[in-house]
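# Per-entry structural report
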Amino acid sequence: MASSDLRRLWKLHQIDSAVISIRNRAAHLDIGKKTSEEIESLTKSLHEHEYRKLHAEQQDLELKQKSIDDKVEKFNKELYGGKVVNPREVENIQKEITTLTKQKSEIDEKLLVIWDVIPAHKTEADKIEKEIAQKKAELLEIQKKAHVTKAKLEADFKKYTAERPEIAKGVTPSLLAKYEQIKKNHQGIGMAEVVKNKQCGACGTLLPERTLQGLLDDRTMSCETCHRLLYYTEGVV
């Protein structure tokens, strides 16, 4: 089986691998980006929905309708309240009332069309609003889980980085230096375990007999393809 020095280095490698895994998980932590984009898209769709346009038009027409009603009421008070007695003024007011009545009739026709079609559009808009609410609830849950996961990753990272210096002290300086250089050249992974089919656990290369024999003779061996230091336990090879 592996020498005590190599076993200590393997323990150090496991810490380094764990730190790499933590960093990768943190970098790819789902904070709800996709769901946020879906909410943004749905919100835009809702704002541009035909219901919003029809509803705005309906409100505008109803305001115009009220304004006309107020003007007609005002003119009628002037006509029948004794304020206006001049025939020309009476005629002018009656013309104004006729014009306003015609405008209101046109507005009424437009409102009837809107009232006829708006319910179906409102149903569609309500469906989108409901979907937005559901997505927002999903996003909240995703963010809660992400917060918990982030806290756990940070705690594990702190634990491993605190343990590493003490474990590194137990490794022969020359072996540690070799490991650190290999680790630097291979995305932080400086060792590989020999798997049961006699392959390098990192790159999958089938290890030659001389390498396997060197491991059995308790010598420090490297994979001839990826150059990582090899580690094995009794019975693996």
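Quick caveat: nothing in here was measured; it's all calculated off a predicted structure.

Thresholds applied
Residues numbered from 1 in each chain as written. Predicted model: local features only at pLDDT ≥ 70, side-chain atom pairs only at ≥ 80, totals over all residues. Heavy atoms only, no water. Helix = DSSP H or I, 4+ residues; strand = E, 2+ residues; numbered from the N terminus. Rg over C-alpha atoms; globule rule 2.2 N^0.38 Å. Buried < 20%, exposed > 50% of the residue type's maximum accessible area, 1.4 Å probe, protein only. Contact = heavy atoms within 4.5 Å. Areas by Shrake-Rupley, 256 points an atom, 1.4 Å probe, with all protein chains shown as cover. Lys, Arg positive; Asp, Glu negative; His and termini not counted. Charge placed at Lys NZ, Arg CZ, Asp CG, Glu CD. Core = buried A, V, L, I, M, F, W, Y, C linked by side-chain atoms within 4.5 Å. pLDDT = per-residue confidence, 0-100. Axes fitted to C-alpha atoms, helices over the stretch in contact; angles between N-to-C directions. Left-handed = near helix turned anticlockwise from the far one by under 90°. Nonpolar A, V, L, I, M, F, W, Y, C, P; charged D, E, K, R; others polar. Disulfide = S-S within 2.5 Å. Parallel < 35°, antiparallel > 145°, perpendicular 65-115°, else oblique. Expected span 1.5 Å × (residues − 1). Arc of directions from axis to C-beta.

### Looking at the overall build of the chain
Helix and strand counts for the chain stand at 6 helices and 2 strands. Of the regular secondary structure in the chain, the N- to C-terminal order runs α-α-α-α-α-β-α-β. Its C-alpha atoms give the chain a radius of gyration of 40 Å, clearly above 18 Å, the size a compact globule of 237 residues would have. Taken along its principal axes, the extent of the C-alpha atoms in the chain is 125 × 35 × 25 Å. Classification of the 237 residues of the chain by burial places 31% in the buried group. Contacts in the chain between residues at least 24 apart in sequence constitute 70% of all its contacts with a sequence separation of at least 6. A total of about 15700 Å² of accessible surface is found on the chain, and carbon and sulfur atoms cover 53% of it. Of the side chains in the chain, 42 bear a positive and 39 a negative charge, and the two mean positions are spaced by 7 Å.

### Some words on unusual backbone geometry
Residues other than glycine seldom take positive phi values, yet Gln187 does so here, at roughly 50°. By the secondary structure assignment, Gln187 is in the loop between helix 5 (173-185) and strand 1 (191-193). For His227, which is not a glycine, the phi torsion comes out positive at approximately 70°. By the secondary structure assignment, His227 is in the loop between helix 6 (209-216) and strand 2 (229-231).

### Focus on the nonpolar core
By size, the foremost hydrophobic cluster in this structure holds 22 residues, and its most contacted members are Ile93, Ile97 and Ile132. Every element with two or more residues in this core is listed here: helix 2 (33-47), helix 3 (50-80) and helix 4 (87-169). If you tally residues by element for this core, the top one is helix 4, at 11 residues. What Ile93 contacts, discounting residues up to four positions off in sequence, is Phe75, Glu78, Leu79 and Val84. In this structure, Trp10, Ala168, Val171 and Leu176 belong to the second largest nonpolar core, which totals 16 residues.

### Looking at the confidence of the model for the chain
With 97% of its residues at a pLDDT of at least 70, the chain reaches an overall mean of 93. Looking at the elements of the chain, mean pLDDT is at its lowest for helix 6, recorded as 92, and at its highest for helix 2, recorded as 97.

### Details of the packing of helix 1 (residues 4-27) against helix 5
Two measures define how a pair of helices packs: the angle their axes make with one another and the distance between the axes. It is at 11 Å that the axes of helix 1 and helix 5 come closest, and there the two elements cross at 30°. As for the relative orientation of helix 1 and helix 5, their crossing is right-handed in sense. On helix 5, the residues that touch Asp5, Leu6, Leu9, Leu12, His13 and Asp16 of helix 1 are Leu175, Leu176, Tyr179 and Lys183. For the contact of helix 1 with helix 5, the class distribution of residues is 6 nonpolar, 1 polar and 3 charged.

### Focus: the state of the cysteines
Under the definition given, this model contains 0 disulfides. A disulfide-free cysteine, Cys200 has its sulfur positioned 3.8 Å from the sulfur of Cys203, the nearest such atom. We classify Cys200 as buried; its relative accessible area is 2%.

### A closer look at the side chain of His13
Of note, His13 is situated in helix 1. His13 has contacts with Tyr179, Ile189, Gly190 and Met191, leaving out every residue within four places of it along the chain.

### Observations concerning the packing of helix 3 against helix 4
Closest axis-to-axis distance for the helix 3/helix 4 pair is 7 Å, and the angle between their directions is 155°. Accordingly, the angle class assigned to the pair helix 3 and helix 4 is roughly antiparallel. Note on packing geometry: the crossing formed by helix 3 with helix 4 is left-handed. Across the contact of helix 3 with helix 4, the residue classes tally to 18 nonpolar, 7 polar and 14 charged.

### So, helix 2
Here helix 2 contains 15 residues, and its C-alpha end-to-end distance of 21 Å stays within 8% of the 21 Å for a straight helix at 1.5 Å per residue. Those residues of helix 2 that sit buried are Thr35, Ile39, Leu42 and Leu46. One side of helix 2 holds all its buried residues, which, seen down the axis, span an arc of 70°. Those residues of helix 2 that are exposed and aimed more than 90 degrees away from the buried face are Lys33, Lys34, Glu40, Lys44 and His47. Residues of helix 2 that are buried sit in contact with helix 3 and helix 4.

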